[in-house]
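Below, each chain spelled out in residue letters.
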Amino acid sequence: MKEFGYQRVLEVSEAVSVLGADPDARFLGGGTNLVDLMKTGVERPARLVDVRELPLDHIEVAPDGALRIGATVTNSDLAAHPEVRRRYPALAQAVLAGASGQLRNMATVGGNLLQRTRCGYFTDVAGPCNKRLPGSGCPAIEGEHHNHAIFGASEHCVATNPSDMGVALAAFDAVVRYETADGPGELPLADFYLPVGDTPHLETALPSGALITGVTLPPAPVAAHSRYRKVRERASYAFAIGSIAAALDVRDGVVQEVRLALGAVSSRPWRALAAERALTGSPATGEAFAAAADAELAAAETLPHNGYKVPLMRNLVVALLTELTEEAAR
């Protein structure tokens with residue numbers, strides 16, 4: 001591991017100032033991803049700026065009814081918060097599905113948003129990877145790619161985003177708040193992650209030197225009737241091979257509102273807008289759920305060994321929406 005400096009900061013302005021003066025520094029929250037990447041040589045920061053003591057560890061209801069979540073809130077505290085469990089249960093379930101209790105106690109909301117892909121070629125510094133070394137190639141396309149993207153990939157990268165939390169946030173139109181030397185700013189989560197294109201090493205639209213200060217969830221009554229479902233290759237904690245966050249409002253047998261986001265299918269949490277449009281105003285039936293899933297999955301582009309994700313995601317959409325419909329009818 002490369003030698004590095006360490007500095008703890010107590011104010012947001014101090015954190016932004018330190019990073020502005022040292023472009024090779026990195027913010028350190030729980031370290032559950034960054035430190036692992038430092039051990040393998042993928043990340044080689046000159047300095048770690050510890051932001052855990054910043055006053056960003058609160059969850060509060062804003063005057064307009066939005067839920068404001070601080071960037072240093074731990075994943076454990078996020079999943080256990082009564083307002084999250086009551087108003088956005090899919091978010092609590094996604095966080096609980098994401099990692100063991102020990103990791104959730106350390107991992108932060110801001111760090112979760114910035115975690116990097118678990119593609120084996122990305123973490124192997126002995127080989128090429130366009131995300132790690134731009135222009136070197138993407139060996140996953142011809143190699144091991146069974147858990148790689150079916151949406152939004154390119155000839156330069158087919159890796160997936162590993163976040164469970166991000167899938168639920170995408171379903172509920174989350175907004176990421178940040179601070180720079182020029183002041184505060186906001187990015188809708190829909191715009192936070194950049195398309196892969198020919199620059200997969202550029203992952204987010206955060207301005208240079210920006211510090212994530214929190215996430216805002218706008219009021220969404222439909223979110224109170226939501227669930228998160230994750231499929232993984234083993235029963236213990238593992239990254240998803242497919243996941244879904246869904247919220248559903250059904251009245252008189254007709255879908256009034258639906259939110260759908262898919263995980264482990266793209267370089268970013270994938271909002272299933274085509275499926276949402278197909279379902280709104282449709283009968284809440286298995287046939288309609290399947291047709292909506294097919295409308296979304298029609299744009300999927302598979303590789304030789306990840307085509308199984310298409311029927312997997314179709315079945316997840318149908319199963320979870322059916323479950324939500326049956327619960328609403330009780």
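Residues numbered from 1 in each chain as written. Predicted model: local features only at pLDDT ≥ 70, side-chain atom pairs only at ≥ 80, totals over all residues. Heavy atoms only, no water.

A. Representation of the overall build of the chain within the structure. Along its length, the chain carries 13 helices and 12 strands. For the chain, the C-alpha radius of gyration of 20 Å lies close to 20 Å, the compact-globule estimate for 330 residues. Its C-alpha atoms give the chain principal-axis dimensions of roughly 60 × 50 × 35 Å. Expressed as a percentage of the 330 residues in the chain, the buried residues total 52%. Across the chain, every contact between residues at least 6 apart in sequence was considered, and the portion connecting residues at least 24 apart equals 63%. Working note: accessible area of the chain is about 14,600 Å², and carbon and sulfur atoms make up 52% of it. Within the chain, one finds 30 positive and 38 negative side-chain charges whose respective centroids are separated by 4 Å. (Helix = DSSP H or I, 4+ residues; strand = E, 2+ residues; numbered from the N terminus. Rg over C-alpha atoms; globule rule 2.2 N^0.38 Å. Buried < 20%, exposed > 50% of the residue type's maximum accessible area, 1.4 Å probe, protein only. Contact = heavy atoms within 4.5 Å. Areas by Shrake-Rupley, 256 points an atom, 1.4 Å probe, with all protein chains shown as cover. Lys, Arg positive; Asp, Glu negative; His and termini not counted. Charge placed at Lys NZ, Arg CZ, Asp CG, Glu CD.)

B. The layout of surface pockets, seen in detail. Approximately 430 Å³ is the volume found for the second largest pocket. Lining of the second largest pocket is provided by 25 residues; of these, Arg 118, Cys 119, Asn 147, Phe 239 and Ala 240 occupy positions nearest its centre. (1 Å grid on protein atoms, 1.4 Å probe; cavity = no way out; pocket = protein on both sides within 12 Å on 5 of 7 lines; lining within 4 Å. Points joined across faces, edges and corners; volume = space filled by probe spheres on them.)

C. Molecular detail of the sheet that holds strand 2 (residues 25-28). Sheet architecture is open: three strands sit in the order 1-3-2, paired in parallel fashion. Across the chains shown, the open sheet's two edge strands, defined by having one partner strand only, are strand 1 (5-8) and strand 2. Ignoring which end each strand starts from, the neighbouring axes of this sheet average 25° apart. Packed on one face of the sheet, helix 1 (residues 12-21) meets strand 1, strand 2 and strand 3 (47-50) and runs near 155° to strand 2. (Pairing = 2+ DSSP bridges. Axes fitted to C-alpha atoms, helices over the stretch in contact; angles between N-to-C directions.)

D. Up close: the side chain of Ser 282. Mapping Ser 282 onto the fold places it in the loop between helix 11 (273-279) and helix 12 (286-297). According to the relative accessible area criterion, Ser 282 is buried, its value standing at 16%. Setting aside anything within four residues of it in sequence, one finds Ser 282 in contact with Gly 253, Val 254, Val 255 and Ala 288.

E. Spatial organisation of the sheet that holds strand 7 (residues 183-188). Pairing is antiparallel across the open sheet formed by five strands, whose spatial order is 4-5-8-6-7. Edge positions in the open sheet fall to strand 4 (59-61) and strand 7, since each of these has one partner strand only. Mean inter-strand twist for the sheet, computed between neighbouring axes without regard to direction, equals 25°. Two strands pair when backbone bridges link them, and strand 6 (residues 175-180) and strand 7 are joined in this way by six bridges, in the antiparallel orientation. Opposite Arg 177, over in strand 7, you have Glu 186 as the bridge partner. Contacting strand 6 and strand 8 (211-217), helix 1 runs over the sheet at an angle of about 130° to strand 8.

F. Local environment of the packing of helix 12 against helix 13 (residues 309-329). Viewed as axis vectors pointing N to C, helix 12 and helix 13 meet at an angle of 145°, and their least axial separation amounts to 9 Å. In this structure, helix 12 crosses over helix 13, and the sense of that crossing is right-handed. From helix 12, Gly 286, Phe 289, Ala 290, Ala 293, Asp 294 and Leu 297 reach across to helix 13, where they touch Val 310, Met 313, Arg 314, Val 317, Val 318, Leu 321, Thr 322 and Thr 325. Among the residues making up the contact of helix 12 with helix 13, the classes are represented as nine nonpolar, three polar and two charged. (Left-handed = near helix turned anticlockwise from the far one by under 90°. Nonpolar A, V, L, I, M, F, W, Y, C, P; charged D, E, K, R; others polar.)

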